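Here's the letter readout for the chains.
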2 protein chains.
Amino acid sequence: MTLVQIAIALGLLAIVYGFFTSRQVLGADPGNAKMQEIAAAIQEGAQAYLNRQYTTIGIVGVVVAVLVGWFLGPISAIGFLIGAILSGVAGYIGMNISVRANVRTAQAASKGLQEGLTLAFRAGAITGMLVAGLALLAIAVFYWVLTDQLGNPINDPNNRVVVDGLVALAFGASLISIFARLGGGIFTKAADVGADLVGKVEAGIPEDDPRNPAVIADNVGDNVGDCAGMAADLFETYVVTVGATMVLTALLMSNVPQLEGLMALPLLIGGACIVTSIIGTYFVRLGGGKNVMGAMYKGFLVSAVLAIPAIWYATDVALGGIATEVTISSSGTSFTGMDLFWCSLLGLVITGLIIWITEYYTGTNYRPVKSIAKASETGHGTNVIQGLAISLEATALPTLVIVAGIIIAYQLAGLIGIAYAATAMLALAGMVVALDAYGPVTDNAGGIAEMAGLDDSVREKTDLLDAVGNTTKAVTKGYAIASAGLAALVLFAAYTTDLNAFADKLGLETVDGKAAVSFSLENPYVIVGLLLGALLPYLFGAMGMTAVGRAAGDVVKDVRDQFANDPGIMAGTSRPNYARTVDLVTKAAIKEMIIPSLLPVLAPVVVYFVITAVSPNGAADGFAALGALLLGVIISGIFVALSMTAGGGAWDNAKKYIEDGHHGGKGSEAHKAAVTGDTVGDPYKDTAGPAVNPMIKITNIVALLLLAALAGHGM
Amino acid sequence: MTLVQIAIALGLLAIVYGFFTSRQVLGADPGNAKMQEIAAAIQEGAQAYLNRQYTTIGIVGVVVAVLVGWFLGPISAIGFLIGAILSGVAGYIGMNISVRANVRTAQAASKGLQEGLTLAFRAGAITGMLVAGLALLAIAVFYWVLTDQLGNPINDPNNRVVVDGLVALAFGASLISIFARLGGGIFTKAADVGADLVGKVEAGIPEDDPRNPAVIADNVGDNVGDCAGMAADLFETYVVTVGATMVLTALLMSNVPQLEGLMALPLLIGGACIVTSIIGTYFVRLGGGKNVMGAMYKGFLVSAVLAIPAIWYATDVALGGIATEVTISSSGTSFTGMDLFWCSLLGLVITGLIIWITEYYTGTNYRPVKSIAKASETGHGTNVIQGLAISLEATALPTLVIVAGIIIAYQLAGLIGIAYAATAMLALAGMVVALDAYGPVTDNAGGIAEMAGLDDSVREKTDLLDAVGNTTKAVTKGYAIASAGLAALVLFAAYTTDLNAFADKLGLETVDGKAAVSFSLENPYVIVGLLLGALLPYLFGAMGMTAVGRAAGDVVKDVRDQFANDPGIMAGTSRPNYARTVDLVTKAAIKEMIIPSLLPVLAPVVVYFVITAVSPNGAADGFAALGALLLGVIISGIFVALSMTAGGGAWDNAKKYIEDGHHGGKGSEAHKAAVTGDTVGDPYKDTAGPAVNPMIKITNIVALLLLAALAGHGM
């Protein structure tokens, strides 16, 4: 069995885990008829939305696949389609489990907290393992077929099938994921904000009240946004990170004797961590108390600690001894297997630190959330001011962690070191996604308990389970964006390496065998590129926020209309038309997701051609500006995404903190102000912020593809 | 008369204009005794605040002056002190005129709109001309003494007295200005937000009601923040921009025969535009209607159009013929006087476009403000969401304008072209500051009219005058940040040029006579520097926002306490203790301004030494990371500042738009939501946002000084 085949086997293990665990989950008691009826409505809405979303994305996907095939050949087109389809599949299956687990979690919670936790967490774990497993399989199988089966070489500069194929695969995953993240994000927050505005604020009925026509849409949103959108996003992050590491390895180290092992190592690390993640899931147990977060962290910690020897062993095997020294002759840098191991360990440490920092900024026990809650006492305005201040501040520590990570990894093993740190971060994705996908299940479970009129004690338990969901959701986003920053740097390195390799074909002059493209900050076109790149996340964020506001306004009008036309709804005698609201949000979300998603696809192309046209140096400055655009997107994107996701989480939990009885509790003026903050934070943390993550990477991947197309691969 | 002496004479003309116009303003009728009593209270509070602020800044200033003297010699220390003191003087005099013109404007408005406009605008014009005149005089006289009187050469690489002196002068101006902008910004918004929260929201009394103990503090804030702080800021922007242009000229063009004329040209352009600005002030007339904004623009347009032949003539004189070709032998680039003229014209066009874009994003007639007003109908949350969306979006067009400006100017005349575009932008500062400084005068006039119980018709007129103030204030900030972006690029160019010139003294290796410092984006320490630089505006913004929130909370407590202890205040029978609130805000603002202001001073030093210590390449990477830090601050700072200032202005005018009778008008639910948005926008647009402008430049200047100190100048 080759190393790649081992990785494939470990990937399959994740699928097997998913299959058996889903049988356990689906075999659980789905509760009474009323509960099942509500769950069916949510299920139906989610299904309808995803069908329509993926139909729309499918049309875009086919067009792009044809373009990829035209410019880069059929294998790249196939890679693109694999990435695209599996990204969709990951989201689809995750959502399907989630909408079935919600009602069963509500039922299980009526027996006890541990029972509810087990069921909801298992549902999350299925999504988590499917995301990690499918992502690993996508790359490993595709790579295995291209090399072992079709016999394409890795280190022949004139045969770029493998590298281009991997980049196209990543592009497919990213493109679908930005649509899913943004579409799902607009859906979930339009429904959430709309339902809150018209329900809580205007009609004065509580959250999840069945009289609110938008209540099913709100619950559907949790599944299509927080579950399906997130799963597609993490699938993309995984594929891009591991893929970028392999691409960079192929480009930089084509001349080292250990090339084959080095190509397989990222896959092996991914496979090894799937095993440790599966083991970790069995350690998520309360152990007597009510510390749900503690139970989660126990599982994560087990996965991470076991990953250390697993990665050591994988490295040892792949390089034929951990002490093996790899010397890149083109650059003269060298590193040992041990250096790569340290870089991977660094990735695990970064993951731990990011989780810790995110918890500090979004948990109810610490200064940031408490300061927002306190500021709510003096009104809506001061709540929002303090929330914005926290969201700005929350970028500082993660940035310092990322900076330290870059410096240490680079000193250990150069650019490859950064790539391994990012790969190790993503290797734990199965466990991290499990923690996150748990959130929408418990959120829905609470909603179903409320709507089905279950005993208050059930709602109390689902609330306990759900409170943790806010933090784990924020944690995943921080983790995704931090790893995206590192992965994007790897993509940028691939871009510059490729530029040098294809200088001749691109018609660029060369100096000492390198393309005469000045990436120096002294080149004004670099500054222009940095500015334009930095603008993209802002513009993208503006579009996302506006879309939520507009769609939420439509929801408000629809609900008002339903209330006005049928007074029986508020009286509780007639059933609201839930499907109409779901349908309305569906259409709005799909319409609104298109243009912002195309922004990162088109911007690199436009910037390259415009700068090439206007600069006296032509393409040399076009490529310089394009490279700078990539870095500009990364640098500005990290800050925009971190501030939005952390700020949104903090606002949400500040509201929860007040609802727990602080500063006057539910119904107080402080609570009203906190609800405003929570509403503001919604599109911040669930629409605009997380979608910046795939956006950063699409920009980088499109640049790589543009470069390949201009160099005339596959033609 | 030499060219520099002509510039000095034109600078003195501005002072003469200020002197005579202030006699006109002070000679106007100061109204009845009640009005004078209120005005005296504001005057007293503003005076007390500025005295304490400048005492505190003075201590910091003396310490820094000693450090500058120690590392860079006595002349640099003197330059620093001149910049620092005159920056303070500009703010001080502006505030003094403003607090005397407010009551006279209220009185004049009782006669007619034109009378009120004339008085308020003249008061603004005094501040404007003093800012431009003092800034021009500071540089011109200092330069004249150093060269003509003390005989220091400009183009001797071993005698850096002139260059270091100019940089130190700019540092003095910037350092004082960041304190003044931030201290004044915290004061004005803490008082404003605090007064609104406790007055409008809690006690239900209107704005500017004399029963509110914070009302005088609020009016004081307009003067110390929007007038004195803004004046210091624009003084700094002027000095840094013109100074940086001269420094870059001295560094890049030491070998061209036209050096002397080129050094004088920025001063001449500044002087010429003072004349056109003074002429422009006489064109600010209503001409029958009520279009106050139109009257303002008429004045601006006259100044800008007249500036075109003036700059042409100045360039012709300075270069001995506009067609003179200047060739920089070190880089081989060449440009003609005509190219510099086109770059200057470009600066004027950029100014016009920025004004137009800012008006679009903050004026009540366009989509952005209307969309926020409309979103207010569905509540506080949607108002804030839409406002944030607009603030993100508002960065796009200015960025495109800046990018186009960089490309065109660079193609015309390289880095010097960018410097001339920035210089021409700043040359109109006298007129732009006049439009802005008019704002606090009319704002106060309205307050005084209200508190003194003048006829409603007077308040109507001051409201008409004041509405324009919101837009002109936003315009100035957009203008300042756009020019700061260009000026900072010039400073960055000076940094890299200096690095090459002093490579030997800094112990750096050289390649082809240039320092072997890699500013390439492929160098990870460059990425580290960019990330850390991008972080600074976020951290700075967080600190500013938190400070306002905290200080406003103190105001709320103080006012509640006054109401509780003396029920006569609300009944209107006893006078609140205004001075106590003023004193409290004064202390809070001064305490809060220190740490954020030191952030940009210390960050470059820390980053240089830490990276030098950890990188295997030592100082080469230290300087690379430091350079990248400078660009990171510029790139991220432009977006943070643009989004905050435009968003804040849009929120403010959305409230005004609703108050004008749209979406339910005053007192409606939409209005309440709009008040929340306005409160959120306050620290955005008046504290954190504008202070980013001096912050960007301090970081760059400190880097230049650090480099000079490390190279051992003056020792």
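Here's a quick rundown of the structure.

Calculation criteria
- Residues numbered from 1 in each chain as written.
- Chains lettered and ligands numbered in written order.
- Predicted model: local features only at pLDDT ≥ 70, side-chain atom pairs only at ≥ 80, totals over all residues.
- Heavy atoms only, no water.
- 1 Å grid on protein atoms, 1.4 Å probe; cavity = no way out; pocket = protein on both sides within 12 Å on 5 of 7 lines; lining within 4 Å.
- Points joined across faces, edges and corners; volume = space filled by probe spheres on them.
- Helix = DSSP H or I, 4+ residues; strand = E, 2+ residues; numbered from the N terminus.
- Nonpolar A, V, L, I, M, F, W, Y, C, P; charged D, E, K, R; others polar.
- Axes fitted to C-alpha atoms, helices over the stretch in contact; angles between N-to-C directions.
- Parallel < 35°, antiparallel > 145°, perpendicular 65-115°, else oblique.
- Left-handed = near helix turned anticlockwise from the far one by under 90°.
- Contact = heavy atoms within 4.5 Å.
- Core = buried A, V, L, I, M, F, W, Y, C linked by side-chain atoms within 4.5 Å.
- Buried < 20%, exposed > 50% of the residue type's maximum accessible area, 1.4 Å probe, protein only.
- Salt bridge = Lys/Arg side-chain N within 4 Å of Asp/Glu carboxyl O.
- Least-squares fit on C-alpha atoms with pLDDT ≥ 70 in both.

Following the criterion strictly, the structure yields 15 cavities of 30 Å³ or more and no others. In this model, the largest cavity occupies a volume close to 190 Å³. Elements with a contribution of two residues or more to the lining of the largest cavity: α11 (380-393) and α18 (619-659) of chain A together with α11 (380-393) and α18 (619-659) of chain B. Here the lining of the largest cavity is built from residues that sort into 12 nonpolar, 4 polar and no charged. Every residue lining the second largest cavity is listed: I354, I357, T358, Y361, A394, P398, A474, G478, L642, T645 and A646 of chain B.

The next point concerns the packing of helix α15 (residues 524-565) of chain A against helix α19 (residues 669-710) of chain A. All names here are of chain A. Two elements in contact, α15 and α19, have axes whose closest approach is 9 Å; the angle formed by their N-to-C orientations is 140°. The angle between α15 and α19 places the two elements in the oblique class. By crossing handedness, the relation of α15 to α19 is classed as right-handed. For the pair formed by α15 and α19, the contact residues are L536, P537, F540, G541, G544, M545 and V548 on the first element and P683, Y684, T687, A688, A691, V692, M695 and T699 on the second. Here the contact of α15 with α19 is built from residues that sort into 11 nonpolar, 4 polar and no charged.

For the rest of this paragraph, the subject is the nonpolar core. Judged by nonpolar contacts, the single largest core of 587 residues is most densely connected at Y495 of chain A together with Y495 of chain B. Setting aside residues up to four positions removed in sequence, Y495 of chain A forms contacts with F519, F623, L626, G627, L630, A703, L704 and L707 of chain A.

Here we come to the pattern of salt bridges. If you walk through the whole model with that rule in mind, you get 48 salt bridges over all chains. Across the salt bridge formed by D463 of chain B and R459 of chain B, the nearest N and O atoms sit 3.3 Å from each other. Within this pair, D463 of chain B and its partner R459 of chain B are both found in helix α14 (residues 456-501), separated by 4 residues, close to a single helical turn. Salt-bridge contacts for K655 of chain B lead to D678 of chain B; the nearest nitrogen and oxygen are separated by 2.9 Å. Placement of K655 of chain B in helix α18 and of D678 of chain B in helix α19 (residues 669-710) is noted, with a sequence separation of 23 residues between them. Residues participating in the shared-partner salt-bridge network are K189, D192, K477, D652, D682, K685 and D686 of chain A.

Turning our eyes to something else, we now look at the relation of the copies chain B and chain A. Under the fitted operation, chain B is carried onto chain A by 0.0 Å of movement along the axis and a turn of 180°, and the coordinates agree to an RMSD of 0.0 Å. Taken together, the rotation angle and the small translation identify this as a two-fold axis. Measuring from the rotation axis to each C-alpha of chain B, the shortest distance belongs to S520 of chain B, at 2.0 Å. A symmetric contact is evident, with 100% of the interface residues of chain B recurring at the interface of chain A.

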